[in-house]
Amino acid sequence: MTYETVSRFAQQFGLVYFGLIFLAGTVWALLPRHRDIYRAAARLPLEEEEL
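The structure displayed is predicted, hence computed values, not measured ones.

Analysis parameters
- Residues numbered from 1 in each chain as written.
- Predicted model: local features only at pLDDT ≥ 70, side-chain atom pairs only at ≥ 80, totals over all residues.
- Heavy atoms only, no water.
- Helix = DSSP H or I, 4+ residues; strand = E, 2+ residues; numbered from the N terminus.
- Rg over C-alpha atoms; globule rule 2.2 N^0.38 Å.
- Buried < 20%, exposed > 50% of the residue type's maximum accessible area, 1.4 Å probe, protein only.
- Areas by Shrake-Rupley, 256 points an atom, 1.4 Å probe, with all protein chains shown as cover.
- Lys, Arg positive; Asp, Glu negative; His and termini not counted.
- Charge placed at Lys NZ, Arg CZ, Asp CG, Glu CD.
- Phe/Tyr/Trp six-rings, centres within 6.5 Å; stacked < 30°, edge-to-face > 60°.
- Patch = residues over 30% accessible without salt bridge, like charges linked within 9 Å, V, L, I, M, F, W, Y side chains within 5 Å.
- Salt bridge = Lys/Arg side-chain N within 4 Å of Asp/Glu carboxyl O.
- Contact = heavy atoms within 4.5 Å.

Draft legend 1. Inspection of the overall build of the protein at higher detail. Counting its regular elements, the protein contains two helices and zero strands. Whereas a compact globule of 51 residues would reach a radius of gyration of roughly 10 Å, the protein reaches 20 Å, over 25% beyond that. On the principal axes, the C-alpha backbone points of the protein span a range of 60 × 25 × 10 Å. Across the 51 residues of the protein, 4% fall into the buried class. Of the roughly 5300 Å² of accessible surface on the protein, a fraction of 66% belongs to carbon and sulfur atoms. Across the protein, 5 positive and 6 negative side-chain charges occur, with their mean positions spaced 16 Å apart.

Draft legend 2. Main features of the packing of aromatic side chains. As enumerated under the stated definition, the model contains four aromatic pairs in all. When the ring of Phe-9 is compared with that of Phe-13, the centres are 5.9 Å apart and the planes differ by 15 degrees; the resulting orientation is stacked. Taken as a pair, Phe-9 and Phe-13 lie in helix H1 (residues 3–30) at a separation of four residues, close to a single helical turn. On the basis of relative accessibility, which here comes to 55%, the residue Phe-9 falls in the exposed class. Ring geometry for Phe-13 and Tyr-17: centres 6.1 Å apart, planes at 20 degrees, overall stacked.

Draft legend 3. The arrangement of a nonpolar patch on the surface in detail. Among the surface-exposed residues, Phe-9, Phe-13, Tyr-17, Phe-18 and Ile-21 lie close enough to one another that they form a single nonpolar patch of about 580 Å² accessible area. Relative accessible area serves as the criterion here: at 55%, Phe-18 is assigned to the exposed category.

Draft legend 4. Layout of the side chain of His-34. Tracing the sequence through the fold places His-34 in the loop between H1 and helix H2 (35–43). His-34 has contacts with Trp-28 and Ala-29, leaving out every residue within four places of it along the chain.

Quick look at the structure:
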């Protein structure tokens, strides 16, 4: 195995790996059961409650 072979494999595998992580995170965030959590989080900056 040469450096070029290992480098090419790492680049291609990394692209696929991070693409799958992004896809899984997007699907997880868009599931209907998480809708209330994200709506509440979106309203947090608009609340006037001080800590």
